[in-house]
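# Architecture and fold: a report
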Amino acid sequence: MGSSPVQLLKALTEAEAYHGPSLIIAYSPCINHGINMTKSQLEQKAAVDCGYWQLYRYNPEDEKFTLDSKEPSGDYQAFLASETRYASLVKTQGADVANELFKKTEESAKERYETYKKLSDN
């Protein structure tokens, strides 16, 4: 919702119209992420902007996968650093281990985005 209210409405409308079970997958920040919860929609937008979370829809009736996210433009590593759950990993496992994991998760997010692009023919 915080990243694209229009995309949310499209996803909900498609899910409601489908004659069968529907699943909505959403990024939902919580207080354990160490953010100000009055700004959770900004956190959602930051997650999408940096590529941590992608917006997409799949409609089984027409077998269409739609990637609604644009190419990531935000700073992925800054997004991770802004959340307590990732900052605590640095403290508990050390900067070297944490930074290696952060690098791997960013690479994985980029690969996932590219896969979604291929699926959607965007």
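Everything below is about the structure printed above this text.
Basis of the calculations
- Residues numbered from 1 in each chain as written.
- Predicted model: local features only at pLDDT ≥ 70, side-chain atom pairs only at ≥ 80, totals over all residues.
- Heavy atoms only, no water.
- Patch = residues over 30% accessible without salt bridge, like charges linked within 9 Å, V, L, I, M, F, W, Y side chains within 5 Å.
- Areas by Shrake-Rupley, 256 points an atom, 1.4 Å probe, with all protein chains shown as cover.
- Salt bridge = Lys/Arg side-chain N within 4 Å of Asp/Glu carboxyl O.
- Buried < 20%, exposed > 50% of the residue type's maximum accessible area, 1.4 Å probe, protein only.
- Helix = DSSP H or I, 4+ residues; strand = E, 2+ residues; numbered from the N terminus.
- Polar contact = N/O pair within 3.5 Å; in protein donor to acceptor, adjacent residues only side chain to side chain.
- Contact = heavy atoms within 4.5 Å.
- Core = buried A, V, L, I, M, F, W, Y, C linked by side-chain atoms within 4.5 Å.
- Phe/Tyr/Trp six-rings, centres within 6.5 Å; stacked < 30°, edge-to-face > 60°.
- Pairing = 2+ DSSP bridges.

A surface patch of nonpolar side chains, amounting to about 270 Å² of accessible area, comprises L9, L12 and I24. Among the residues examined, L9 registers a relative accessible area of 54% and is labelled exposed.

What follows deals with the pattern of salt bridges. Pairs can form between side chains of opposite charge whenever their charged atoms are close. Counted by the stated rule, this structure contains seven salt bridges. With its nearest N and O atoms 3.0 Å apart, the salt bridge here joins K45 to D49. Note that K45 and D49 are positioned in helix α2 (residues 40-50) at a spacing of four residues, about one turn of the helix. Put simply, D68 and R57 hold a salt bridge, and the shortest N to O gap is 2.7 Å.

A few words on unusual backbone geometry. Of note in the backbone geometry, E63 takes a positive phi value of approximately 50° without being a glycine. One can find E63 in the loop between β1 (56-59) and β2 (64-67). A relative accessible area of 63% means that E63 is categorised as exposed.

Locating Q54 in the fold gives a position in the loop between α2 and β1. The exposure class of Q54 is buried, given its relative accessible area of 5%. Within the structure, Q54 has its side chain in polar contact with the backbone oxygen of G51 (distance 2.9 Å). Engagement of the side chain of Q54 in a polar contact is seen with the side chain of R112, the distance being 3.1 Å. Beyond its immediate stretch of four places on either side in the chain, Q54 contacts L67, S69, A109, R112, Y113 and Y116.

The tendency in soluble globular proteins is for nonpolar side chains to be buried side by side. The biggest cluster of nonpolar side chains holds eleven residues, and these are Y27, A47, C50, Y52, Y76, F79, L80, Y86, A98, F102 and A109. Those elements that provide at least two residues to this core are α2, α3 (76-81) and α5 (95-120). What A98 contacts, discounting residues up to four positions off in sequence, is L89 and V90.

With that settled, the discussion passes to the packing of aromatic side chains. The geometry of an aromatic ring pair is captured by two quantities: the separation of the ring centres and the angle between the planes. Applying the stated rule across the entire model yields nine aromatic pairs. Judged by centre distance (4.8 Å) and plane angle (50°), the ring pair of Y56 and Y116 falls under tilted. Residue Y56 is found in strand β1, and its partner Y116 is found in helix α5; the two are separated by 60 residues along the sequence. In this structure Y116 comes out as buried when scored by relative accessible area, which is 15%.

Each regular strand displays side chains that alternate between the two surfaces of the sheet. Residue alternation in β1 divides its side chains into a buried set, R57 and N59, and an unburied set, Y56 and Y58. With four bridges connecting them, β1 and β2 associate as antiparallel partners. In the sheet register, Y58 faces β2, and the bridge partner there is F65. Counted along the chain from β1 to the antiparallel partner β2, the turn is four residues long, and its residue E63 has a positive phi close to 50°.

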